[in-house]
Structure formats: C-alpha cells, structure tokens
Amino acid sequence: MRRCCALLFGFALLPAIAIAQLPAPIDPSRYAFPGSVPAPASGTSAALALADRWLGDEPFSNPALPPRSRLSITPVFQRVSRQDLSSSNREFSDQGGSIDLAGAYASWKIHAVALAAYFGQPGLRIEDNAYTLGLGLVPGPSAIVTTSSTAREMRTGLGVSFPLGPGQIGLAGEWTQLQHRYEYHEESGSPAAGDQSVEFSGGAFGAVVGARAAWTLGARALELGAAVRRLPETPVD
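Structural notes, computed from the coordinates. (Residues numbered from 1 in each chain as written. Predicted model: local features only at pLDDT ≥ 70, side-chain atom pairs only at ≥ 80, totals over all residues. Heavy atoms only, no water.)

### A few points about the pairing of strand S5 (residues 144-164)
Relative to S5, strand S4 (residues 113-132) is paired through 17 bridges, and the arrangement is antiparallel. When the bridges of S5 are listed, Gly-120 appears paired with Arg-155. Looking at chain direction, S5 and strand S6 (residues 167-187) are connected through 21 bridges and run antiparallel. Paired with Gly-159 across the bridge in S6 is Ala-172. Counting the residues that bridge the hairpin from S5 to S6 gives two residues, and of these Gly-165 lies at a positive phi of roughly 60°. (Pairing = 2+ DSSP bridges. Helix = DSSP H or I, 4+ residues; strand = E, 2+ residues; numbered from the N terminus.)

### What to know about the packing of aromatic side chains
One pass over the full model with this rule turns up six aromatic pairs. Pairing Tyr-31 with Tyr-182 gives two aromatic rings, centres 5.2 Å apart and planes at 70°, and the pair type is edge-to-face. Taken together, the residues span a long stretch of sequence, with Tyr-31 in the loop between helix H1 (2-19) and helix H2 (43-47) and Tyr-182 in strand S6 at a distance of 151 residues. Look at Tyr-182 and you get buried, because its relative accessible area is 2%. For the ring pair Phe-60 and Tyr-118, a centre distance of 6.1 Å and an interplane angle of 80° mean the geometry is edge-to-face. Note that Phe-60 is positioned in the loop between H2 and strand S1 (70-78) and Tyr-118 in strand S4, a separation of 58 residues in sequence. The exposure class of Phe-60 is buried, given its relative accessible area of 12%. Owing to a relative accessible area of 4%, Tyr-118 belongs among the buried residues under this scheme. An aromatic cluster is present here, built from Tyr-31, Tyr-182 and Phe-200 joined pairwise through their rings. The positively charged end of Arg-30 is found above the aromatic ring belonging to Tyr-184, 4.1 Å away from the centroid. (Phe/Tyr/Trp six-rings, centres within 6.5 Å; stacked < 30°, edge-to-face > 60°. Buried < 20%, exposed > 50% of the residue type's maximum accessible area, 1.4 Å probe, protein only. Lys NZ or Arg CZ within 6 Å of the ring centre and 35° of its normal.)

### Re the pattern of salt bridges
On inspection of all chains with the given rule, the structure shows 11 salt bridges. The salt bridge involving Arg-82 is made with Asp-84; its shortest N-O contact spans 2.9 Å. The exposure class assigned to Asp-84 is partly exposed, which follows from its relative accessible area of 41%. Its salt-bridge partner being Arg-212, residue Glu-223 comes within 3.1 Å of it at the nearest N-O pair. Residue Glu-223 is found in strand S8 (residues 220-230), and its partner Arg-212 is found in strand S7 (residues 194-217); the two are separated by 11 residues along the sequence. Taking the relative accessible area as the measure of exposure, Arg-212 reaches 13% and is therefore buried. Via salt bridges that share partners, Arg-82, Asp-84, Arg-125 and Glu-127 belong to a single interconnected network. (Salt bridge = Lys/Arg side-chain N within 4 Å of Asp/Glu carboxyl O.)

### Some remarks on the side chain of Ser-98
Position of Ser-98 relative to the elements: it lies in strand S3 (residues 98-110). For Ser-98, the side chain forms a polar contact with the side chain of Gln-95, separated by 3.1 Å. Excluding residues that lie within four positions of it along the chain, Ser-98 makes contacts with Val-76, Phe-77, Gln-78 and Ile-126. (Polar contact = N/O pair within 3.5 Å; in protein donor to acceptor, adjacent residues only side chain to side chain. Contact = heavy atoms within 4.5 Å.)

### Things to note about unusual backbone geometry
A cis geometry characterises the amide bond from Ala-24 onward to Pro-25, with omega recorded as 10°. In this structure, Pro-25 sits in the loop between H1 and H2. For Glu-91, which is not glycine, the phi torsion reads 50° and is therefore positive. By the element assignment, Glu-91 lies in strand S2 (residues 90-94). The phi dihedral of His-111 falls on the positive side, at around 60°, and the residue is not glycine. His-111 sits in the exposed class, given a relative accessible area of 72%.

### What to know about the layout of surface pockets
A water-sized probe, rolled over the atoms, reveals where empty space remains. Volume-wise, the largest pocket comes out at about 540 Å³. Along the walls of the largest pocket sit 31 residues, with Ser-36, Val-37, Gly-123, Leu-124 and Arg-125 positioned nearest its centre. Going through the elements one at a time, H2, S1, S4, S5 and S6 are the ones with two or more residues in the lining of the largest pocket. Residues belonging to the lining of the largest pocket are distributed by class as follows: 18 nonpolar, 10 polar and three charged. Here the second largest pocket defines a volume of roughly 380 Å³. Lining of the second largest pocket is provided by 26 residues; of these, Ala-39, Arg-53, Phe-60, Ser-61 and Pro-122 occupy positions nearest its centre. Along the lines of polarity and charge, the residues of the lining of the second largest pocket split into 11 nonpolar, eight polar and seven charged. (1 Å grid on protein atoms, 1.4 Å probe; cavity = no way out; pocket = protein on both sides within 12 Å on 5 of 7 lines; lining within 4 Å. Points joined across faces, edges and corners; volume = space filled by probe spheres on them. Nonpolar A, V, L, I, M, F, W, Y, C, P; charged D, E, K, R; others polar.)

What follows is the structure, given as structure tokens:
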C-alpha cells in the first residue's frame, strides 16, 4: 500500500517537473541561471560593500533623500571569471571585460522637498567564453563550444522626499525590466550540434517607501535608514 501511494505521488509530480524544465540552451552548469548577485548602483556603494544601501544617501534603495540638487553617473567595468568552466575544459578563453552603466540619478531641491529620478541595474551579468569540451581523457573528436549570455535587471524610478522630525520620509514608483539572452554554439559531430538561443523579457510596476534620520552626538553622528520595497511578480515572454 505504501509503495502504491509513493508511486502515485511520484506520477502527480511529473507535470510540475515538466513545467520547471529550463528552456534550451540554459544549463545551470553553463550559465549563472537562475540567480544573481546584487550589483551596486554607484562607486560609493561599491566602496562600502552596499552597507549604505538603506541609508537614503542615494535614491536607488531608499527614496528618503536629503534635500539637495545633485547629478551622479556611474559606469562599471565588469569581468566574469568562470574558473569552474576553465578547470573542467580545455583551451578556455573568455571576454576580457565589458563596460556598462551601473546607475545614474538626478535630484532637485525644492525648499525642504527633494525630487529624484534614478536608473540602476541591480542585476547585471555579461559573459562570453569559448572552450573545447572536456579534458581530453576520452579518445575521439572533441566539441568546440562558444557561449554568450547577458542578464539584466533594470530599475527606473521617480521619488519624492519630505522632512519629518530629525529626518526624511520618501516614496517612489518604479518600473523593473528583466532582459535575458543566452546563446550556445557547438561545433562537433553530434546531431545536437549547432546554434541554440533563448531570450525572454518582461516588466512590472513596483513601489518603495523609506525613511531616514540623523542625529549629532557631540563629535559623532548617528544615521539610521530603512525602506520597504514591493517587487511584483514579473510576467516574461
């Protein structure tokens, strides 16, 4: 009876397993999918290892920006090192690096109110590599593989910040856009060799509310910040 129930349970899971199948040519051992590492939107945030993320000094994560007029543009040079692929394949080569935009924002001071418009890429990964498949331990023809992938999560927002007690309170509306593209090319005698690619994109509206406060304690200062972001489910095509 137990074996019968376990078998029926296994068959019930088959549709869910089929739905979760990744589209070709996406393979987690070949591409960093799913998942991403949060990318800093400015050089200041990168130098502080994202420790300033919720303090409201910049509007990317907390819209409670101090009333000031400022323009900031931060480029990024990104190089992805795939040591996992280079250690398990031969003649490995990858892209030397890519120049892109980490983030940018502009803020305007209107009396005690601050307005801000910002753009950032909290998820950014650009990768191109080529290698001969395997370590050559098995005799026979080898496969030459070339891959290219771009994964972006782009966020654009408009926010406003008001004074409240010793600090600021702010809110912003945001549009989050996802754009991913994965390409795979194989040269070998296999019937499955050739070109494969998949691309999907989608976007959705969200919002973020934040607050910050600052106190001066003699020769020292204390700053506190917090924010809550709503990221809706994003439909993709």
